[in-house]
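# Inside the fold
Listed here are the chains, written in short residue letters.
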Amino acid sequence: MARRKDVGAQDGRRVTSVDVAKRAGVSQSAVSRAFSRTASIAPATREKILRAAAELDYRPNRIPAIMLSGRSGMVGVVVGGLSNPFYASALEHLVCSLRDQGLQVLLVHVDDALTLDSALEQLLGYRIDAVVTALAIGSEVVAQALGTLRIPVICFNSRLTGPWISTVSSNNRAAGVTAAHLLRERGVACPAWLAGPLRNAASVARGEGFREGLGALAAGLVSLQGDDTYESGYEAVSTMLARGVRPDGMFCSNDMMACGAIDALRDRAGLCCPRDVVLLGYDNIPQGAWRAYDLTTFDQGVERLVGAACALLAEALADGAEPVSQSLVIGAELLERGSTGPV
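Predicted, not measured: the structure shown is a model, and the values here were computed from it.

Turning our attention to the overall build of the chain. If you tally the helices and strands in the chain, you get 13 helices and 12 strands. With 343 residues in all, the chain has 48% of them scored as buried. In the chain, 68% of the contacts between residues at least 6 apart in sequence involve partners at least 24 apart. Carbon and sulfur atoms make up 53% of the accessible area of the chain, which amounts to about 16500 Å² in all.

Pasting the structure below:
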């Protein structure tokens, strides 16, 4: 049986909700309700309408709904640093979760992988209902500017909040303390800390916790600086070794730098983990589980971080909701592997 031709294809015009209503044998208002996330409609009626829409290749015009409600149903997702597998994984979970809430995603990429500041001008140019980002807010000025948008802003690992701004963070400081205790338990006498960029609030908190957990050992702590990349971890450790510094334990602010550190220890000095250096990272990226690294790390729990962010967003977008400003902290799980010795 030949497929019935689209109504619009016969007369050269675009298929409308009226055409769908006629095909499904329902009212035009029923068609509108069928494509609304919140409208009440019988499941059988919705199914009949969606089937008719598919047959006609109908796409609803969302502009009238936007004009009536003042909402676009669109969330600006601001990302940077996607070369790190952790951020790519977090983005995938976030986009899927927002889609399940019936929201559309406007992806905004920025070159600065650390702070939201550089994305501000781009965000001001779009009709969006909210912003979700893994980037921190770098200054009070930007926090105030975001507040003037009067839309919910959900950040990951940001120290700054405001009347419309909430943050969901891994328990970075507590993880740093745990890392220090683990190194002390392994008998480390000369620890090293490989930090991320100074503007990285999560790295700063991990370093603070690490120093706290080291206690008296913190006086002899070897501090290295990287930029969250594999290459910077390799270079920082290579430079340290060239100066004749030989720590026996190391905590790296993320797994990318930790993998670079392990390779530098082997290539530059013939050292291996955990025989010569007890070493751990943060993020639990797939690469860290490779046999070449067998890296002890902290799992931030991407699903829990994203779930908490989406719950905050749903609360903030609820009809009649007041401006939401919350700070949620999600515990990170220590995953012990070979780089710190026997479990």
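Read on, since the account is not over.
Let's shift gears to the pairing of strand S4 (residues 153-156). By the alternation rule, side chains of S4 split into Val-153 and Cys-155 and Ile-154 and Phe-156, which are all buried. With 3 bridges joining them, strand S3 (residues 130-133) and S4 adopt parallel strand pairing. Counterpart to Thr-133 in the pairing with S4 is Cys-155.

That bond from Cys-273 to Pro-274 is cis: its omega, 5 degrees, falls within 30 degrees of zero. Tracing the backbone through its elements, the reader meets Pro-274 in the loop between helix H12 (255-269) and strand S9 (278-280). Notably, Asp-228 is not glycine yet its phi reads approximately 80 degrees, a positive angle. By secondary structure assignment, the location of Asp-228 is in the loop between strand S7 (222-225) and helix H11 (230-242). In this model, Asp-283 sits at a positive phi of 125 degrees, which is unusual for a non-glycine residue.

Below, the discussion takes up the nonpolar core. Among the nonpolar cores identified, the biggest contains 28 residues, and Val-75, Leu-98, Val-168 and Leu-313 are the most heavily contacted of them. When neighbours within four sequence positions are excluded, Leu-313 is seen to be in contact with Val-75, Leu-98, Leu-103, Ala-130, Val-132, Pro-152 and Ile-154. Ranked by size, the runner-up nonpolar core spans 23 residues in total, among them Ala-236, Met-257, Ala-258 and Leu-279.

What follows covers the sheet that holds strand S11 (residues 327-330). Overall, parallel pairing links the 6 strands, which are arranged S2-S1-S3-S4-S5-S11 in an open sheet. The sheet terminates laterally at strand S2 (104-109) and S11, the two strands that pair on one side only. Between one strand and the next, the sheet's axes are offset by a mean angle of 20 degrees, whatever the strand orientation. Of the pairings in the sheet, the one linking strand S5 (residues 165-170) to S11 comprises 4 bridges and is parallel in character. Bridging across to S11, Ser-169 finds its partner in Val-329.

Next up on the list: the pattern of salt bridges. Counted under the stated rule, the structure contains 9 salt bridges. As a salt-bridge pair, Arg-186 and Glu-336 come within 2.7 Å of each other at their nearest N and O atoms. Here Arg-186 is found in the loop between helix H9 (172-185) and strand S6 (191-195), whereas its partner Glu-336 is found in the segment after strand S12 (333-335), with 150 residues between them in sequence. Overall, Glu-336 belongs to the partly exposed group, its relative accessible area being 31%. Residues joined by salt bridges that share partners form a network here, namely Arg-173, Glu-208 and Glu-212.

Our next topic: the packing of aromatic side chains. Each aromatic ring pair is specified by the distance between its two centres and by the angle formed by the two planes. For the coordinates displayed, the defined rule picks out 6 aromatic pairs. Aromatic ring contacts, followed pair by pair, group Trp-193, Phe-210, Phe-251, Tyr-282 and Phe-298 into a single cluster. The side chain of Arg-206 reaches across the aromatic face of Tyr-282, ending 3.6 Å from its centre.

As a further point, take the side chain of Ser-339. The residue Ser-339 is located in the segment after S12 in this model. The class of Ser-339 is buried, set by a relative accessible area of 1%. Side-chain polar atoms of Ser-339 contact the backbone oxygen of Leu-279, separated by 2.6 Å. Beyond its immediate sequence surroundings of up to four residues, Ser-339 is in contact with Cys-273, Pro-274, Val-277, Val-278, Leu-279, Tyr-293, Asp-294, Leu-295 and Thr-296.

All right, on to the environment of Ser-166 then. As for its placement among the helices and strands, Ser-166 is situated in strand S5. A C-alpha to C-alpha distance of 8.6 Å links Ser-166 and Ala-309, two positions 143 residues apart in sequence. Not counting chain neighbours up to four residues away, the residues in contact with Ser-166 comprise Val-153, Ile-154, Cys-155, Leu-312, Val-324, Ser-325 and Gln-326. In this structure the side chain of Ser-166 is engaged in a polar contact, spanning 2.9 Å, whose partner is the backbone nitrogen of Gln-326.

Averaged over all residues, the pLDDT of the chain is 84; the fraction at 70 or higher stands at 83%. Residue range residues 1-5 is modelled with pLDDT below 50. Its contacts to residues more than four positions away, or to other chains, number 5 contacts. Predicted confidence is poor over residues 63-70, with pLDDT under 50, and the contacts of this stretch with residues over four places away or in other chains come to 7 contacts.

The next point concerns the environment of Glu-322. Position of Glu-322 among the secondary structure elements: in the loop between helix H13 (302-317) and S11. Residues Glu-322 and Pro-163, spaced 159 residues apart in sequence, show a C-alpha to C-alpha distance of 9.4 Å.

Reading the values: the criteria
Residues numbered from 1 in each chain as written. Predicted model: local features only at pLDDT ≥ 70, side-chain atom pairs only at ≥ 80, totals over all residues. Heavy atoms only, no water. Helix = DSSP H or I, 4+ residues; strand = E, 2+ residues; numbered from the N terminus. Buried < 20%, exposed > 50% of the residue type's maximum accessible area, 1.4 Å probe, protein only. Contact = heavy atoms within 4.5 Å. Areas by Shrake-Rupley, 256 points an atom, 1.4 Å probe, with all protein chains shown as cover. Pairing = 2+ DSSP bridges. Core = buried A, V, L, I, M, F, W, Y, C linked by side-chain atoms within 4.5 Å. Axes fitted to C-alpha atoms, helices over the stretch in contact; angles between N-to-C directions. Salt bridge = Lys/Arg side-chain N within 4 Å of Asp/Glu carboxyl O. Phe/Tyr/Trp six-rings, centres within 6.5 Å; stacked < 30°, edge-to-face > 60°. Lys NZ or Arg CZ within 6 Å of the ring centre and 35° of its normal. Polar contact = N/O pair within 3.5 Å; in protein donor to acceptor, adjacent residues only side chain to side chain. pLDDT = per-residue confidence, 0-100.

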